[in-house]
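Here is how the chains run, residue by residue.
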Amino acid sequence: MLKIKKKCLHVFIILLASANLIAELSGDPGELYPLKLNKNIDTYLIIENQGSSYALIPLPFDKQGQSIKFNGQVININKKDFGESRITITNTSMVNLSEEDSIRASKEFKIINKALNTHTTNYRPELNFIKPVEGIISSRYGKKRYINGSPRSPHLSLDIAAPAGTDIIAPEYGKVILIGDFFYAGKYIILDHGYGLLSSYSHLSKIDVTNDQFIEKGQKLGEVGSSGRVTGPHLHWTVYLNKTRINPESLIEEKFLEGLL
Ligand SMILES: [Zn+2]
């Protein structure tokens, strides 16, 4: 009798374990995973739905095939083939940097990185992004990059090609936390949308905002250009959540938030 009971218990444990496997949490690299919470975390980007709270967890591109842990829960990050992009930059001084340019680029990297560490909780993003520029998508998020045949870091941004002078608008309310004219990014803006959500705009021909300015959704930021390292006029648009670069194209999808839950 006791033997049978033991056996039943074993089967029960195995069943529980396999149910747990089926219930494993997973998502694609570059996307946001809505993780259901038991209690609110004040500083984290949270959305509410039908009385439940969900923390939006960015799934890093470079953790494909691995997992991340948040609040004791494990989220697996799927492997995904994003394709590749090969570009040619004829101005070789932009690829093989002189010592002077190299010093400049590393100084600018520090300035940009400092700004990207900004985390404010004074306002909360709506997560109802609009397209920052009308144009043609010329390079998507996640593409393996080759410049003049040599492998480079993956392209974790969205490129939208448009004629120089096309208006760039803010996709969401935010504050300008950095403007500058940088070696790689050219004329450049970073917006802080609150709770660790930031967005940046590179290669502009003209900047129409100033540092510390609050920007309404739809307000003009500047114009498309070819400043910095580019092959032609386009907007290189990057979105960060807690310093992880996420897929901007997902954010401009219609009913993005509803799609998450
Ligand atoms: Zn780009």
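Before going into details, it helps to say that this report is about the structure given with it. Keep in mind that what you see is a predicted model, and the values were worked out from it rather than measured.

1. Thoughts on the coordination of the zinc ion
Around a metal, the idealised angle for a tetrahedral arrangement of four donor atoms is 109.5 degrees; for an octahedral arrangement of six donor atoms it is 90 or 180 degrees.
Line of reasoning, step 1. Donor atoms from the polypeptide that bind the zinc ion are His155 (NE2), Asp159 (OD), Asp159 (OD) and His236 (ND1), placed at 1.9 to 2.6 Å.
Line of reasoning, step 2. Between the 4 donor atoms coordinating the zinc ion, the angles at the centre fall across 57 to 159°, so the site counts as irregular.
Line of reasoning, step 3. One chain supplies every donor for the zinc ion, spaced along it as H-x3-D-x76-H. We note that His155, like Asp159, is buried.

2. Some words on the pairing of strand β5 (residues 67–70)
Line of reasoning, step 1. Alternating residues of β5 divide into Ile68 and Phe70, all buried, and Ser67 and Lys69, none buried.
Line of reasoning, step 2. Inspection of the sheet shows β5 paired to strand β6 (residues 73–77) by 4 bridges, in the antiparallel sense. Across the sheet, residue Phe70 finds its bridge partner in β6, namely Gln73.
Line of reasoning, step 3. Here β5 folds back onto β6 in antiparallel fashion, the turn holding 2 residues, of which Asn71 has a positive phi close to 55°.

3. Points about the layout of surface pockets
A water-sized probe, rolled over the atoms, reveals where empty space remains.
Line of reasoning, step 1. Computed from the structure, the largest pocket encloses a volume of approximately 1,400 Å³.
Line of reasoning, step 2. If you go around the largest pocket, you meet 44 residues; those closest to its centre are Ser157, Tyr184, Arg229, His236 and Arg245.
Line of reasoning, step 3. Take the lining of the largest pocket: its biggest share by element is 6 residues, from helix α2 (residues 99–116).
Line of reasoning, step 4. Per-class residue counts for the lining of the largest pocket are 20 nonpolar, 16 polar and 8 charged.

4. Here's the deal with the nonpolar core
Line of reasoning, step 1. Core analysis: the largest hydrophobic core is formed by 32 residues, its most contacted members being Leu56, Leu127, Ile168, Ile189, Leu191, Tyr201 and Leu221.
Line of reasoning, step 2. Within the residue set of this core, elements represented by two or more residues are β4 (52–58), β11 (158–161), β14 (186–194), β15 (197–207), β17 (220–224), β18 (234–241) and α4 (256–260).
Line of reasoning, step 3. Top contributing element to this core by residue count: β18, with 4 residues.
Line of reasoning, step 4. Apart from the residues within four sequence positions on either side, Leu221 is in contact with Ile168, Ile169, Ala170, Ile189, Leu191, Tyr201, Ile207, Asp208, Val209 and Ile215.
Line of reasoning, step 5. Of all hydrophobic cores here, the second largest spans 13 residues; its members include Tyr33, Leu37, Ile46 and Ala55.

5. Thoughts on the pairing of strand β9 (residues 143–147)
Side chains on a regular strand alternate between the two faces of the sheet.
Line of reasoning, step 1. Most of β9 is tucked away, with 4 of its 5 residues classed as buried.
Line of reasoning, step 2. Across 4 bridges, the pairing between β9 and strand β10 (residues 150–155) is antiparallel. In the sheet register, Ile147 faces β10, and the bridge partner there is Ser150.
Line of reasoning, step 3. Counted between consecutive antiparallel strands, the loop separating β9 from β10 contains 2 residues, among which Asn148 sits at a positive phi close to 50°.

6. As for the environment of Asn128
Line of reasoning, step 1. Positionally, Asn128 belongs in the loop between α2 and β8 (136–139).
Line of reasoning, step 2. On a C-alpha basis, the gap between Asn128 and Glu254 in space is 8.4 Å, while along the polypeptide they are 126 residues apart.
Line of reasoning, step 3. When neighbours within four sequence positions are excluded, Asn128 is seen to be in contact with Pro171, Glu172 and Lys217.

7. What about the sheet that holds β10?
Line of reasoning, step 1. Spatially, 3 strands are ordered β7-β9-β10 in an open sheet, and the strand pairing comes out mixed. The open sheet terminates on both sides in strands that have one partner only, identified here as β7 (84–87) and β10. Neighbour-to-neighbour, the strand axes of the sheet open up by a mean angle of 30°, direction not taken into account.

8. Observations concerning the environment of Phe256
Line of reasoning, step 1. Following the sequence through the fold, Phe256 ends up in helix α4.
Line of reasoning, step 2. It is 7.2 Å that separates the C-alpha atoms of Phe256 and Asn128, two residues lying 128 residues apart in sequence.
Line of reasoning, step 3. In this view, Phe256 contacts Leu32, Leu127, Ser250 and Leu251; residues no more than four positions away in its chain are not counted.

9. A look at the sheet that holds strand β2 (residues 32–37)
Line of reasoning, step 1. Spatial ordering of the open sheet is given by β2-β4-β3, a layout of 3 strands whose pairing is antiparallel. Looking at strand neighbours, the two that pair on one side only are β2 and β3 (46–49), the edges of this open sheet. Neighbour-to-neighbour, the strand axes of this sheet turn through a mean angle of 35°, independent of strand direction.
Line of reasoning, step 2. The pairing of β3 with β4 spans 4 bridges and is classified as antiparallel. Within the sheet, the bridge partner assigned to Ile46 lies in β4 and is Ala55.

Thresholds, definitions, all that
Residues numbered from 1 in each chain as written. Predicted model: local features only at pLDDT ≥ 70, side-chain atom pairs only at ≥ 80, totals over all residues. Heavy atoms only, no water. Donors = N, O, S within 2.8 Å, 3.2 Å for Na, K, Ca; no water. Tetrahedral: all angles 85-135°; square planar, octahedral: opposite > 155°, others 65-115°. Buried < 20%, exposed > 50% of the residue type's maximum accessible area, 1.4 Å probe, protein only. Helix = DSSP H or I, 4+ residues; strand = E, 2+ residues; numbered from the N terminus. Pairing = 2+ DSSP bridges. 1 Å grid on protein atoms, 1.4 Å probe; cavity = no way out; pocket = protein on both sides within 12 Å on 5 of 7 lines; lining within 4 Å. Points joined across faces, edges and corners; volume = space filled by probe spheres on them. Nonpolar A, V, L, I, M, F, W, Y, C, P; charged D, E, K, R; others polar. Core = buried A, V, L, I, M, F, W, Y, C linked by side-chain atoms within 4.5 Å. Contact = heavy atoms within 4.5 Å. Axes fitted to C-alpha atoms, helices over the stretch in contact; angles between N-to-C directions.

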